[in-house]
Amino acid sequence: MLRPGYVCLKLGGTNSAPSTVPETSRTQCFSLVKSWADAFGGELYSIVTKYSGSLLLQKKYKDVEPTLKIKEVDGLELVKKFSEQMESMLRRKVEAVERLVEAAEDADLNHEYNSSLEFDYYNSLLINDKDENDNYVELGDEFILEPNEHFNNLLVNTTYSDIQLPTNVYNKDPAILNGVYMSEALNPIFVDNFERDPTLTWQYFGSSTGFFRLYPGIKWLPDENGVISFDCRNRGWYIQAATSPKDIVIIVDVSGSMKGLRMTIAKHTIVTILDTLGENDFVNIIAYNDYVHFIEPCFKGILVQADRDNREHFKQLVDELQAKGVGTVSKALTESFKILREFREAGQGGLCNQAIMLITDGAVEDYEAVFEKYNWPDRRVRVFTYLIGREVTFAPNVKWIACNNKGYYTQISTLADVQENVMEYLHVLSRPMVINHDHDIIWTEAYMDSALFASQAQSLLLMTTVAMPVFSKKNETRSHGILLGVVGSDVPLRELLKLAPRYKLGVHGYAFLNTNNGYILSHPDLRPLYKEGKKLKPKPNYNSVDLSEVEWEDQDEIVNGFSYSFSFIQKRVLFLTNDYFFTDISGTPFSLGVVLSRGHGEYILLGNTSVEEGLHDLLQPDLSLANEWIYCITDIDPDHRKLSQLEAVIRFLTGEEPDLECDEELVQEVLFDAVVTAPMEAYWTTLALNMDTEAGVEMAFLGTRAGLMRSALYVGSEKISNKKFLTQKDKESIFTMDHFPLWYRRAAEHPPGSFIYSIVSEDDSGNPSLSTEQKERCPAGDGGSPPSSFPASQRTKLGVASLQKPSLCTAGLQTAGRSHKAFGKFAVYSVFPFLCLQTGKFFGAVDGSVMTQLLNMGMFRRISFPLFSVGTCSRPLPEGSSPPKSISKCGTFPAPLCHSRVSLSRPLAAHKHKKHDMLQPCDTEYPVFVYEPAIKETNGLINCGDCQKMFVAQQIISSNLLLLVTDTPLSLPALPVLNSLAHNASVKCERMRSQKLRRRPDSCHAFHPEENAQDCGGTAGISVCPALLLLPLVLLLR
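Along each chain, numbering runs from 1 in the same order as the chain's sequence is written. It should be noted that, the model being predicted, local features are given only for residues of pLDDT at least 70 and side-chain atom pairs only at 80 or more, the latter also being counted only at that level, while totals for whole chains, interfaces and linings use all residues. Remark: hydrogens and water are excluded; side-chain values derive from all non-hydrogen atoms of the structure.

## Quick look at the overall build of the chain
Thinking step 1. Tallying secondary structure elements over the chain gives 22 helices and 39 strands in all.
Thinking step 2. We call two residues in contact whenever any of their non-hydrogen atoms come within 4.5 Å of each other. Contacts in the chain between residues at least 24 apart in sequence constitute 75% of all its contacts with a sequence separation of at least 6.
Thinking step 3. Here the open area of atoms and residues is found with the Shrake-Rupley method and a 1.4 Å probe, where only the protein chains shown may cover a residue. Of the roughly 44,200 Å² of accessible surface on the chain, 52% is carried by carbon and sulfur atoms. The way it works is that DSSP assigns letters per residue, a run of H or I at least four long becomes a helix, a run of E at least two long becomes a strand, and they are numbered from the N terminus.

Right, dumping it as structure tokens:
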């Protein structure tokens, strides 16, 4: 939300307001406030101009203007170039995975299964563990681990892989031992791949038997309960590589016989099935007893995309299911077949595999007619059955359903059985692909790399995986379609974004990646984490965020085919005219978008300077470069990885490292900026040596489009009020891979020579905060002699930034925010005592009545943005309080319903909240308020029945500040008001039902004529025969 800069004063007077204010008094007040604003603005401008050195910097750039060259940016050419580079990089990852597939299949072809095989391997849980006799435990031999910067400084072994198994898989099982032994052939391929492409990260093989071979090898630690729950077979990359897209209807029996443990097992089975689905799949869930009902009424009669949002929504509803009544499965089957047929004929859904998952404790009715009508003889829909409980009475019937519909039957007796039995359906769906030996390459949606939580910008935390299935080539098992497993490799998205360098896109420009489903793979405004206490956690829907949910289009301002896009900078709205350029990345399901903002992204200014001159100025101690930018490639050669970007550039220019590969255009820009800004060091140093200790200025700094920064301290480092500023701990204040500094971006949208003032944030909430060093309390106006200035003991951090040359450089300084004697001896009382605690707050929450009048007069404009979420967000309430109501006599002012950062992709979905948080739906509107600079001054009266309140607002020259002077009688408290905005459940339903435009995967493997459909589960003792059907009756007669 907009937090306009303002200075708020109280006019002298009595506590009782007159019934009217004479026009002459209003005119005098208006003139008086204008003189204050001019005096305050003039002195403020003088101070910040002096200590920032802005006039000197302007002069230096003016001197070199004749030597500058202007290069126009061609957006289409740029996006194609970036796309080609990304395609080439991703192709290298695919080639590495293809070599692993070939090696694994050849190793299996040459391996004969040995049920008595004895083989020791490196178990990642047991490596380096010793027993009480100081001997290595079984499967836990010595395994050398060393920290590696390329792998986030984790302890790894880059010469060998090791094996991880879930706790529920026996590590000496013959199938495990044979698979591990066979896959030893992958070790030299892992190492060779890494040597060929040092940008590769994790490589791995996930076996269908449950083991996971990982390179480089690591020590795997169990969770707090001593359990390793990670199972490679239920990871997205494994499932997507093993199967084609699928439409699934889950049918669950909720009749009375399912009460207790059976219902618990059934719910866990549904959740496990949901976890095997991804963005390319579609799903719905039907519960049946005496009647059939969709567990989400909004989804009645349709399938919905199985993205993270919908899966989590289904899980919540499944948890609420209760058992009662009598089961009638035929109606549920009929409804399921109808939905699948309608979607298939309408060309909707996955358009590949279709399946019904029947979860029940028995089926006794006549359901054969349903299959004859809807599924036979083509059997386009597979039916998988899960018999819940230990009873075998109905096993033949339930198995018959699966075997006669190309499905698979399993019986689940305990919660521990769920995982293994659910995974069987994936093996069946993979048969056609395996028999055909179709090695489809899949790329996953974005997912979180938890190792980077605290070390990277949020938009750079995400990864994607390239994976391929591994098949058995043995002829004797061809019809069974045996899937050996899946190989994969992780690709950090930051590696892709390195190929779209920031300096080529301008201060507000950026690149983003989308999946084939329209979800964001990477975007600078994607914030996948939220903070719970001191811990960062991924949001439930972090990888199913649509582009429309992080960017808003001004529908009233579409001109000549280009759209005006909103950009949010720390809750301040910024109007930008953006040009969007799109292309696909060949060989992947991804699309690349490049956004150039008019005014700062259309042109690049190129300077020219000699290496000798520029190198001298690069060595000055006040200079630094954006270390996340790629001036030189330092992450391939191990000898270069410890170099900072500045060190790498210097070694490149001096010829010390001839093997370094550097961006010569960017390096040339850095040299030019270093020469032009070099005089600033001497200027700042001279000021610091002769500085008035009461000036209150702490630091001066500048930044250029090339990512170069200079800074100087005017006080000792121990006296800096915000020690995080311009450090890696404050990402918003420095050049990073996905954005220019906050102060740079804000200053770039204001006229050159003006200054932008902002409250510097020191907390972790993203909200501006006041850092004070109060030697005395803020004085209240008591009718005595008015002070000539604000209290000198009040120290507010104030960030100041100014654009010095369009698209070239921004300078600024950080002050202690002390007021200066600009008001002379005017009859002005001090700031209200409560305002000492209001710094950085939205003014509408401080004085809603005045803000409402400013809106009515046009000095501010309100804009509402839709925020969509299937989850909830919270608004903290005081203990024992209820939602606030309108209480101000002088007008109300609506505040946002959900206090989350506007540039977030979506508000947080449901999760644990503190005791006094009030959960609310977040499909609503978020109001922001934009200052209209054309209106430089205004004044008005607010009538409140038996009182009046006068205010005067005056723009402060060359700044983004307003001086607001208001008379507030004590009988009229100005309190913040929250007006709840109505939540529209129908809008939420419509959004969840909507079928997004999407690009389906290119391949589909639904059926194969050679597959063995009789391999449909169960045991040899369970078959459809009269003798078994009569068994319960015989037992009863005995």
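## What about the environment of leucine 666?
Thinking step 1. Its place among the elements puts leucine 666 in helix H16 (residues 664-677).
Thinking step 2. Separated by 36 residues in the primary sequence, leucine 666 and isoleucine 630 have C-alpha atoms spaced 9.0 Å apart.
Thinking step 3. Those residues in contact with leucine 666 that sit more than four places away from it in its chain are Tyr503, Ile630, Tyr631 and Ala706.

## Quick notes on the nonpolar core
Thinking step 1. Among the buried residues, those of types Ala, Val, Leu, Ile, Met, Phe, Trp, Tyr and Cys that are joined through side-chain atoms within 4.5 Å form a nonpolar core. We call a residue buried when its accessible area falls under 20% of the maximum for its residue type, exposed when it is over 50%, and partly exposed in between, using a 1.4 Å probe and counting protein chains only. Counting 87 residues, the largest nonpolar core has Tyr121, Phe212, Trp237, Val487, Leu592 and Val594 as its most contacted members.
Thinking step 2. With 13 residues, helix H3 (residues 75-109) is the single largest residue contributor to this core.
Thinking step 3. Core analysis: the next-biggest nonpolar cluster, separate from the first, contains 74 residues, Phe294, Val381, Val398 and Trp400 among them.

## Examining unusual backbone geometry
Thinking step 1. The residue after tyrosine 215, namely proline 216, is reached through a cis peptide bond having omega -5 degrees.
Thinking step 2. Structurally, the position occupied by proline 216 is in the loop between strand S7 (212-215) and helix H6 (236-242).
Thinking step 3. Cis geometry is adopted by the peptide bond preceding proline 377, which originates at tryptophan 376 and carries an omega value of 5 degrees.
Thinking step 4. The residue lysine 406 is not glycine, and still its phi comes out positive at about 55 degrees.
Thinking step 5. The topology assignment puts lysine 406 in the loop between helix H11 (395-403) and strand S14 (409-412).
Thinking step 6. Using a relative accessible area of 23% as the deciding quantity, one classes lysine 406 as partly exposed.
Thinking step 7. A positive phi angle is found at leucine 726, which is not glycine, with a value near 65 degrees.
Thinking step 8. Mapped onto the elements of the fold, leucine 726 is located in the loop between strand S29 (708-713) and helix H18 (742-748).

## What about the pairing of strand S25 (residues 591-597)?
Thinking step 1. Along S25, six of the seven residues are buried, which leaves the element largely enclosed by surrounding structure.
Thinking step 2. Pairs of strands are assigned from DSSP output, requiring at least two bridges between the strands. The sheet contact formed by strand S19 (residues 510-514) and S25 spans five bridges and is antiparallel. Following the sheet pairing, alanine 511 is matched in S25 by valine 594.

## Topic: the pattern of salt bridges
Thinking step 1. One speaks of a salt bridge when a side-chain nitrogen belonging to Lys or Arg is within 4 Å of a carboxyl oxygen belonging to Asp or Glu. One pass over the full model with this rule turns up 33 salt bridges.
Thinking step 2. For the salt bridge of glutamate 95 with arginine 91, the shortest nitrogen-to-oxygen distance reads 3.7 Å. With a gap of four residues between them, glutamate 95 and arginine 91 both fall in helix H3, about one helical turn apart.
Thinking step 3. Between aspartate 231 and arginine 233 there is a salt bridge, with the nearest N and O atoms lying 2.8 Å from each other.
Thinking step 4. Since its relative accessible area comes to 3%, arginine 233 is described here as buried.
Thinking step 5. Within this structure, Arg91, Glu95 and Glu98 form a network of salt bridges that share partners.

## Re helix H20 (residues 848-856)
Thinking step 1. The buried count for H20 comes to seven of nine residues, which makes it a mostly enclosed element.
Thinking step 2. The complete set of buried residues in H20 reads Gly848, Ser849, Val850, Met851, Thr852, Gln853 and Leu854.
Thinking step 3. Where H20 terminates, the next one or two residues include glycine 858, which has phi positive at roughly 90 degrees.

## Focus: the packing of aromatic side chains
Thinking step 1. Pairing of aromatic rings covers Phe, Tyr and Trp, the last counted by its six-membered ring, and requires centre-to-centre distances within 6.5 Å; plane angles under 30 degrees mean stacked, over 60 mean edge-to-face, and any other angle means tilted. Tallying each qualifying case throughout the model produces 41 aromatic pairs.
Thinking step 2. Their ring planes at 45 degrees and their centres at 5.2 Å tell us that tryptophan 220 and phenylalanine 230 sit as a pair that is tilted. One end of the pair, tryptophan 220, is in the loop between S7 and H6; the other, phenylalanine 230, is in the loop between S7 and H6, with 10 residues separating them in the sequence. Across the pair, exposure class does not vary: tryptophan 220 and phenylalanine 230 are buried alike.

## Digging into the state of the cysteines
Thinking step 1. Only a pair of cysteine sulfur atoms within 2.5 Å qualifies as a disulfide here. Scanning the entire structure with this criterion turns up three disulfides.
Thinking step 2. Between the sulfur of cysteine 352 and that of cysteine 1004 lies a disulfide, 2.0 Å long from S to S. Around the S-S axis, the bridge from cysteine 352 to cysteine 1004 shows a dihedral of about 95 degrees and counts as right-handed. Taken together, the residues span a long stretch of sequence, with cysteine 352 in the loop between helix H9 (329-345) and strand S12 (353-360) and cysteine 1004 in the loop between helix H21 (985-993) and helix H22 (1026-1037) at a distance of 652 residues.
Thinking step 3. Note on cysteine 1004: relative accessible area 39%, which makes it partly exposed.
Thinking step 4. What pairs with cysteine 403 in a disulfide is cysteine 1016, and their sulfur atoms sit 1.9 Å apart. Residues cysteine 403 and cysteine 1016 are joined by a disulfide whose S-S torsion is about 85 degrees; by sign, that bridge is right-handed. You can see cysteine 403 sitting in helix H11 and its partner cysteine 1016 sitting in the loop between H21 and H22, a full 613 residues away along the chain.

## Considerations on the pairing of strand S9 (residues 282-288)
Thinking step 1. Here S9 lies mainly inside the structure; seven of its seven residues are buried.
Thinking step 2. Where strand S8 (residues 246-253) lies against S9, seven bridges are found, and the strand directions are parallel. Looking at S9, one finds that valine 249 is bridged to asparagine 284.
Thinking step 3. Once the chain exits S8 it traverses helix H7 (residues 261-275) before rejoining the sheet at S9, and the crossover so formed is right-handed.
Thinking step 4. Bridge analysis of S9 against strand S11 (residues 304-305) gives two bridges, and the strand direction is antiparallel. Bridge assignment links phenylalanine 282 to a residue of S11, and that residue is glutamine 305.
Thinking step 5. Between S9 and the antiparallel strand that follows it, strand S10 (residues 292-294), lie three residues. With the strands pointing away from the viewer, any crossover whose connection runs clockwise from the first strand over the helix to the second is right-handed.

## Brief notes about the packing of H7 against helix H12 (residues 418-436)
The description of two packed helices rests on the angle between their axes and on the distance between the axes.
Thinking step 1. Only the stretch in contact is used when fitting a helix axis, every axis being a line fitted to C-alpha atoms; angles between N-to-C directions are given from 0 to 180 degrees. Their axes nearest at 10 Å, the elements H7 and H12 cross at an angle of 45 degrees. On the basis of their axis angle, the class for H7 and H12 is oblique. For the crossing formed where H7 meets H12, the hand is right-handed. For the pair H7 and H12, the contacting residues are Ile265, His268, Thr269, Thr272 and Ile273 in the first and Val418, Gln419 and Val422 in the second.
Thinking step 2. Its residues assigned to classes, the contact of H7 with H12 shows four nonpolar, four polar and no charged. Here the word oblique covers every angle except those under 35 degrees (roughly parallel), over 145 (roughly antiparallel) and from 65 to 115 (roughly perpendicular). Crossing chirality is assigned from the near helix's rotation relative to the far helix, an anticlockwise turn below a right angle marking it left-handed and a clockwise turn marking it right-handed. Residues are grouped as follows: Ala, Val, Leu, Ile, Met, Phe, Trp, Tyr, Cys and Pro are nonpolar; Asp, Glu, Lys and Arg are charged; all remaining types, including Gly, are polar.

## Quick notes on the side chain of threonine 276
Thinking step 1. Mapped onto the secondary structure, threonine 276 falls in the loop between H7 and S9.
Thinking step 2. Overall, threonine 276 belongs to the buried group, its relative accessible area being 2%.
Thinking step 3. Within the local environment of threonine 276, its side chain forms a polar contact with the backbone oxygen of isoleucine 273, the two atoms lying 2.5 Å apart. A 3.5 Å cut-off defines polar contacts: any pair of N or O atoms within that distance qualifies, except that in protein one atom must be a possible hydrogen donor and the other a possible acceptor, and neighbouring residues in sequence count only when both atoms are side-chain atoms.

## Quick word on helix H8 (residues 308-319)
Thinking step 1. The span expected for a helix works out to 1.5 Å for each residue beyond the first. With 12 residues, H8 extends 17 Å from end C-alpha to end C-alpha; this agrees with the ideal 16 Å at 1.5 Å per step.
Thinking step 2. Asp309, Asn310, Arg311, His313, Phe314, Lys315, Leu317 and Val318 are the residues of H8 that are buried.

## Comments concerning the environment of leucine 333
Thinking step 1. Within the secondary structure layout, leucine 333 lies in helix H9.
Thinking step 2. Here the alpha-carbon distance between leucine 333 and tyrosine 367, two residues 34 residues apart in the chain, equals 8.4 Å.
Thinking step 3. In this structure, leucine 333 is in contact with Ile251, Ile356, Tyr367, Val370 and Phe371, ignoring residues within four places of it in sequence.

## Regarding the confidence of the model for the chain
Thinking step 1. Within a predicted model, pLDDT stands for the predictor's per-residue confidence, ranging from 0 to 100. Per-residue pLDDT for the chain has a mean of 78; in total, 75% of the residues score no lower than 70.
Thinking step 2. Every residue in residues 451-457 scores below 50 in pLDDT, and together they form 14 contacts with partners more than four places removed in sequence or on other chains.
Thinking step 3. Across residues 816-836 the pLDDT falls below 50, and counting only partners more than four positions away or on other chains, this stretch makes 61 contacts in the model.

## Observations concerning the environment of threonine 727
Thinking step 1. Its location among the elements puts threonine 727 in the loop between S29 and H18.
Thinking step 2. Contact partners of threonine 727, with chain neighbours within four places excluded, come to Ser733 and Ile734.
Thinking step 3. Engagement of the side chain of threonine 727 in a polar contact is seen with the backbone oxygen of lysine 724, the distance being 2.4 Å.

## Points about the side chain of serine 208
Thinking step 1. Position of serine 208 relative to the elements: it lies in the loop between strand S6 (203-207) and S7.
Thinking step 2. On the basis of relative accessible area, serine 208 is assigned to the buried category, the value being 16%.
Thinking step 3. The contact partners of serine 208, leaving out residues within four places of it in the chain, are Arg233, Tyr238, His427, Leu483, Leu484 and Gly485.

## Comments concerning the packing of helix H2 (residues 54-64) against H16
Thinking step 1. At their nearest, the axes of H2 and H16 sit 9 Å apart, and the two run at 125 degrees to each other. The angle between the axes of H2 and H16 places the two elements in the oblique class. In the packing of H2 onto H16, the handedness of the crossing is right-handed. Between H2 and H16, the residues in contact are Leu57, Lys60, Tyr61 and Val64 and Phe672, Asp673, Val676 and Thr677, respectively.
Thinking step 2. Taken together, the residues of the contact of H2 with H16 break down into five nonpolar, one polar and two charged.

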